Amino acid sequence: EASAPPVGAGHPVLHWQITVDHFAGEPKYPIGWPRISRALRDAPLRDWSGWDYLQFRVYTDTSRDALPRDPVGLALHTPDKESAYHRPLAELKKGAWAPIRIPLSAVPRHQDVRLMQFHISESNYRHQDQLDFYFEEIALLRYAQPTVLDFTAEQSVMFTDVKQVPVRFHLAGVKPGASVEVSCEFKAGGELAAGAKVKATRGANRVALDLSGRNLRPGTYEVTARAAGGTATAAAAVRFVESPWR
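Calculation criteria
Residues numbered from 1 in each chain as written. Predicted model: local features only at pLDDT ≥ 70, side-chain atom pairs only at ≥ 80, totals over all residues. Heavy atoms only, no water. Pairing = 2+ DSSP bridges. Helix = DSSP H or I, 4+ residues; strand = E, 2+ residues; numbered from the N terminus. Axes fitted to C-alpha atoms, helices over the stretch in contact; angles between N-to-C directions. Polar contact = N/O pair within 3.5 Å; in protein donor to acceptor, adjacent residues only side chain to side chain. Contact = heavy atoms within 4.5 Å. Phe/Tyr/Trp six-rings, centres within 6.5 Å; stacked < 30°, edge-to-face > 60°. Buried < 20%, exposed > 50% of the residue type's maximum accessible area, 1.4 Å probe, protein only. Salt bridge = Lys/Arg side-chain N within 4 Å of Asp/Glu carboxyl O.

J.: Looking at this model, I keep getting lost on the sheet that holds strand S15 (residues 203-210). Mind explaining?
T.: As a general point, the strands of a sheet are linked pairwise by backbone hydrogen bonds and lie either parallel or antiparallel. Within the open sheet, the three strands sit side by side as S10-S12-S15. Their pairing is antiparallel. Only two strands of the sheet have a single partner each, and these edge strands are strand S10 (147-153) and S15. Mean inter-strand twist for the sheet, computed between neighbouring axes without regard to direction, equals 25°.

J.: Could you clarify how one ought to interpret the side chain of Ser83 in this entry?
T.: By secondary structure assignment, the location of Ser83 is in the loop between strand S5 (73-77) and strand S6 (85-88). Polar side-chain contacts of Ser83 include one of 2.6 Å to the side chain of Asp80. Discounting chain neighbours no more than four positions away, the residues touching Ser83 are Thr78 and Arg109.

J.: Can you help me understand the packing of aromatic side chains in this one?
T.: The way to describe two aromatic rings as a pair is by their centre distance and the angle between their planes. Per the counting criterion, the structure on display carries 13 aromatic pairs. With a centroid separation of 4.4 Å and an interplanar angle of 35°, the aromatic rings of Phe118 and Phe135 are classed as tilted. Of this pair, Phe118 sits in strand S8 (residues 115-119) while Phe135 is found in strand S9 (residues 130-141), placing the two residues 17 residues apart along the sequence. On the accessibility criterion, Phe118 (4% relative accessible area) is buried. Taken together, Trp16, Phe56, Phe118, Phe133 and Phe135 form an aromatic cluster joined through their ring pairs.

J.: Quick question: what am I supposed to make of the sheet that holds strand S2 (residues 13-19) here?
T.: Read across the open sheet, the five strands follow the order S1-S2-S9-S4-S7; overall the sheet is antiparallel. Both edges of this open sheet fall to strand S1 (2-3) and strand S7 (97-103), since each of them pairs with a single strand only. Two elements, S2 and S9, share seven bridges in a ladder whose sense is antiparallel. Residue pairing in the sheet places Val13 in a bridge with Glu136 of S9.

J.: When you look at the environment of His86 in this model, what are you seeing that I'm missing?
T.: Topologically, His86 is positioned in strand S6. According to the relative accessible area criterion, His86 is exposed, its value standing at 53%. His86 sits 86 residues away from Ala172 along the chain, and the two C-alpha atoms are 23 Å apart. Among residues more than four places away in sequence, those in contact with His86 are Leu74, Ala75 and His119.

J.: Got a minute to help me understand the pattern of salt bridges in this structure?
T.: Applying the stated criterion across every chain yields a total of eight salt bridges. The residue Glu136 makes a salt bridge to Arg57 at a minimum N-O spacing of 2.8 Å. Of the two residues, Glu136 sits in strand S9 while Arg57 sits in strand S4 (residues 53-62), which places them 79 residues apart along the sequence. On the basis of relative accessible area, Glu136 is assigned to the buried category, the value being 4%. With a shortest N-O distance of 2.6 Å, Glu154 and Arg206 are connected by a salt bridge. Note that Glu154 is positioned in the loop between S10 and strand S11 (157-159) and Arg206 in strand S15, a separation of 52 residues in sequence.

Right, here's the structure in full:
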């Protein structure tokens, strides 16, 4: 039910109250899986492909001293139960708010989400345990401008005679099917040693920076990436060691 917020909430919340019962469930499964769900019946609400994260906060109160390791599970039917995405909410703590942010890149088929469900397994609890979960502001989020995320070099340590430095990143803040230019630079001692500009699309991308003919010295160097139209620069460090074949 909708509820007044507990301490620390800025919005009305969804209150889910459970009294764990090991005897009054379905006849075949008396120790069962209490659950709440929301069906997404309108097609525009099912398509999450233009968003970057699913986010919400959960406040937990319980008669127990502490929660079990897997207190609550989230399931997203994408599009059905057989192909559902499952995620345990292990971040939940008694008497505290827990922020949950799930990258939608981790959710297969998130262009067709038909149901959201929260559930517990009563086998993780004792008979008559009291549980109160308060969900605040379940929302989809996206970057307002092109942004490079999860930027990393494929290898953090390389030999000085290497020919390429491959880097990987996740591009957010662009519409599905659209592309933007991403500039990648490799700096040696503060000076530009290599660079590349590529057209990148939403999601996972890979770029190989050409170092052919460079006379690199051992040390730690910086690789950066920035998307056109964005303000943030992503950076990663690569350490070069003397090549045994030089």
